[in-house]
Each structure stands twice: as C-alpha cells, then as structure tokens.
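Inside the fold
Single-letter residue listing:
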Amino acid sequence: MRLAERMSRLGTETAFEVLARAGELEAEGRDIIHLEIGQPDFDTPDYIKDAAYQALQDGYTGYGPSAGLPEARERYAQYLNETRGTDYEASEVVITPGAKPILFFGILALVDEGDEVIYPNPGFPIYESVTEFVGARAVAAPLREDREFRLDPEELASLVTDRTRMIILNSPHNPTGSMLTMEDLEAIAEVAIENDIWVLSDEPYSKMVYDGEFHSIAEVDGMRDRTILLEGFSKTYAMTGWRLGYAAMPSELADQIAKLQTNSNSCTASFIQIAGMAAYDGPQDESEAMMDAFEERRDVMVEAINTLPGVSCLSPAGAFYVFPNITGTGIDSRELASRCLEEAGVAVLSGTAFGEYGDGYLRLSSANNLENINEAIERIRGLLEG
Ligand SMILES: Cc1ncc(COP(=O)(O)O)c(C=O)c1O
C-alpha cells in the first residue's frame, strides 16, 4: 500500500501493543496481572453517569459548537481558575474528545516544518510522534533520576535554538511520577519568555498528587498568554472511555484550535460535556478516595520493589506510575519487560517505550488492586532470583 510519506514519521503507544500481547496470552489460558496501562481500575462515579443519562433525556444529542458548549467552557474555565489561581474566560477554553487531541491540534496549529519542539524524555510518546509527524524536530530534554526526574531548566536552556517553537511540560509526569516545583516552573518560564517560546503544559494528573503542592506554569507571571494548559477527566474521574478533555489558551489560538476541530471531529459529544460539568459540581469524595487508594498502592509498590535484587525505585510525587531503575539486574529494559510478561505473567512497560532516556527502567502502573500488585512483585522476584 502506498501511504503518504508523513505516515512513516508517526509513532504509537507501546502500552496498547503490550495490552494486545497480554490479551493473546490470556486467550491461551495464562493468568496475567496488568500493570501496563494508564487507566484507573475504578468505575466512573454514578452521579456523573446519571448526569449523562439526564443530558441525553434533555436532548443533548445533536452537534454542538466546535469549541464546546458555552456553559461547559465557562464551568471548565472556572475549575482551572479555582485550582490554578488563573483568570481564564470561557472564550479561552476549547473542549475536545479527551485531552490527547489538544496535543495534536496544538502542535498542528503552532509548529511549522523545520521548527523544533523540546519535550520531556522519558515522556508520553505522543509528544515526539506528533512533532515528527508535522515535519518538525523533536528535541529530547532528558529527565534524570538524580534530579528526581524533574526537567533541569539549565539543560533546557541549552537545548533552545532560534528554531525552538514549543516546550512541552507534563507535571505530574507520565511515566516517572515526578512533579515540577514552583521554582522549576519559574526557571522554565524565564527560558520560554526570553526566547519567545510556547509552552504546552499537559496536566491531566493534577489531582494525583501525594507529596508537595501542584503548580501550573500558567500561574507564573508572563506565561498565561504563551501557554496551552491541558486538563482532562480520564484520570481524575475514571472517565478514560468517555473521551473528554479541554485546554485553556489565548482566545485567538482557541478559535484556530476550534477550526481544526471543525475540520476533524466537528465537536465533542454534548451530553458528555454536560456530564463533565456535573463531575466538577458533584461530591468529590469518590475521586478523592481513588487518589487515596493510588497513594497507598504507591507506598506498597515502592517499598516492595526496593527489596527486589538489582532494582531501586524513587517514590513518585504524583500520577499513578512507578519507574524503577533496573540496571542492577544486568538485564536490558526491553528484555526484562518482555520476560516479565512471557515468563512471569506480569504486563509492564519498558522505560524505552517512553524514549531513549527511559533505558534502564521499567514503568509499572498502580491501576490494579493491592493483592494483584503484591502478587505481581513476587512473580518478578521469582524471575529475578530464579
Ligand atoms: C501525559 C498524558 N497526557 C495526556 C493523556 C491523554 O489523556 P486523555 O485520556 O484525556 O486523552 C495521557 C493519557 O494517558 C497522559 O498520560
């Protein structure tokens, strides 16, 4: 088949491939513990589902405006302002099917062929993939364990050239669970402002914070008008399959992102936008209980993983992943991830699924219950000691 040349530059998410292989093994009768996918193992709270049913009954079944329903844009802007201390207006918010399309649309709208985008590595694979897809150069900003996997602003500054158009941030971070401090954000903002660079700040894990305080770069003076701030419902409210996310940005850019939406998916499902408003308005206790469960699992996982031979693991400040260093095992990351699945029946991801600087690490998600998590770690111990 003759495909457009640009398709050769499009990457993917390894998590879905590992999920598929784990499914094949399960079909053969193998018992697999899933620690590969970034999807809460909880159901969406009932009050959010009820709001969606009600919205369908109320007739929210047709096309809506490309940028989102005015009332939902207003409510989501208010949420950002409450949680970040910003002053966004409804006209600066665009609602999309999941947070992910904003990565695609934001890069499409701002980055030209030959431009450069600096992104965290290890990092969410879509950053590099979409940057290369549009013909720009993806420049890896290494996240190192000796800085608790927080982007080093000095190193970031050294990567800036006159072609740098965008810096992508993700805090709390997938896959390492690191969280940028206000000091980090201020130093990064200085680089962005000095060099007239956009920041795409991917913040879907903003509520999954266990140590320290979450901050957004949009809070820093001078950043609001050069930032695309991305939020979503997938992680906070266990709504991955609903596909609901949004971003705040200057309204002039919001109009352009809405135009990209007119040209692709038209709009985000109206009844789902209404359910998102209900998610914010309703009781937060289920979401908070979910975050407490992730924190407990993090503690159990980190402690147990640190007893594995040749493995050491920092305690992540946020998100729901741990990112152990496995170099002491003498086994390559890809090989170890593959042997965990094939021999021990534990699906995990190689750190290299998140870029070259993920080499020497594995990513384990805590989206499974404590019993399975403990069993998975014992199976890995059997593999490493056996
Ligand atoms: C860092 C990061 N950004 C964005 C997303 C996309 O989330 P959504 O389901 O809202 O599209 C994910 C999902 O795993 C993620 O880990």
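Every value quoted in this text rests on a predicted model; they were computed, and no experiment measured them.

The next thing to look at is the overall build of the protein. Each helix and strand in the protein was counted, giving 12 helices and 12 strands. Taking 386 residues into account, the globule formula puts the C-alpha radius of gyration at 21 Å, and the protein, at 21 Å, falls close to it. Taken along its principal axes, the extent of the C-alpha atoms in the protein is 60 × 55 × 50 Å. In the protein, which comprises 386 residues, the proportion classed as buried is 51%. Partitioning the contacts of the protein with sequence separation of at least 6, the portion at a separation of at least 24 is 72%.

Residue Pro122 is reached from Asn121 by a cis peptide bond, and omega for that bond is 5 degrees. Among the secondary structure elements, Pro122 is positioned in the loop between β3 (116–121) and α5 (126–133). That bond from Ser171 to Pro172 is cis: its omega, -15 degrees, falls within 30 degrees of zero. Take Pro172: it is sitting in the loop between β5 (164–170) and α7 (182–194). The backbone of Glu148 sits at a positive phi, close to 50 degrees, despite the residue not being glycine. Positionally, Glu148 belongs in the loop between β4 (137–142) and α6 (153–159).

Right, let's get into the pairing of strand β7 (residues 227–232). Here β7 lies mainly inside the structure; 6 of its 6 residues are buried. Residue alternation in β7 divides its side chains into two sets, Thr227, Leu229 and Glu231 and Ile228, Leu230 and Gly232, and both sets are buried. Sheet topology places strand β6 (residues 198–202) next to β7; 4 bridges connect them, and they run parallel. The partner of Ser201 across the bridge, within β7, is Leu229.

It is the contact of helix α3 (residues 70–84) with helix α9 (residues 270–281), at a shortest axis distance of 9 Å, that shows an interaxial angle of 30 degrees. Here α3 runs over α9; the crossing is left-handed. Between α3 and α9, the residues in contact are Glu71, Ala72, Arg75 and Tyr79 and Gln273, Ile274, Gly276, Met277 and Tyr280, respectively. When grouped by side-chain class, the residues that make up the contact of α3 with α9 number 5 nonpolar, 2 polar and 2 charged.

Close to the ligand lie 13 residues, the nearest being Gly98, Ala99, Lys100, Gly232 and Ser234. Of the residues that constitute the shell around the ligand, the class distribution is 3 nonpolar, 8 polar and 2 charged.

Quick look at α9 now. Between its first and last C-alpha atoms α9 spans 17 Å; for 12 residues at 1.5 Å apiece the expected length is 16 Å, and the two agree. Extensive coverage of α9 is indicated by the burial of 9 of its 12 residues. Every buried residue of α9 is listed here: Ser270, Phe271, Ile272, Gln273, Ile274, Ala275, Gly276, Met277 and Ala279. Buried residues belonging to α9 abut α2 (46–57), α3 and β2 (93–96).

Position of Tyr280 among the secondary structure elements: in helix α9. For the pair Tyr280 and Phe105, spaced 175 residues apart in sequence, the C-alpha to C-alpha distance is 25 Å. In this structure, Tyr280 is in contact with Arg75 and Tyr79, ignoring residues within four places of it in sequence.

Quick notes on the rules
Residues numbered from 1 in each chain as written. Predicted model: local features only at pLDDT ≥ 70, side-chain atom pairs only at ≥ 80, totals over all residues. Helix = DSSP H or I, 4+ residues; strand = E, 2+ residues; numbered from the N terminus. Rg over C-alpha atoms; globule rule 2.2 N^0.38 Å. Buried ≥ 20, exposed ≤ 12 C-beta atoms within 10 Å, placed from the backbone. Contact = placed C-beta atoms within 7 Å. Pairing = 2+ DSSP bridges. Axes fitted to C-alpha atoms, helices over the stretch in contact; angles between N-to-C directions. Left-handed = near helix turned anticlockwise from the far one by under 90°. Nonpolar A, V, L, I, M, F, W, Y, C, P; charged D, E, K, R; others polar. Near = placed C-beta within 6 Å. Expected span 1.5 Å × (residues − 1).

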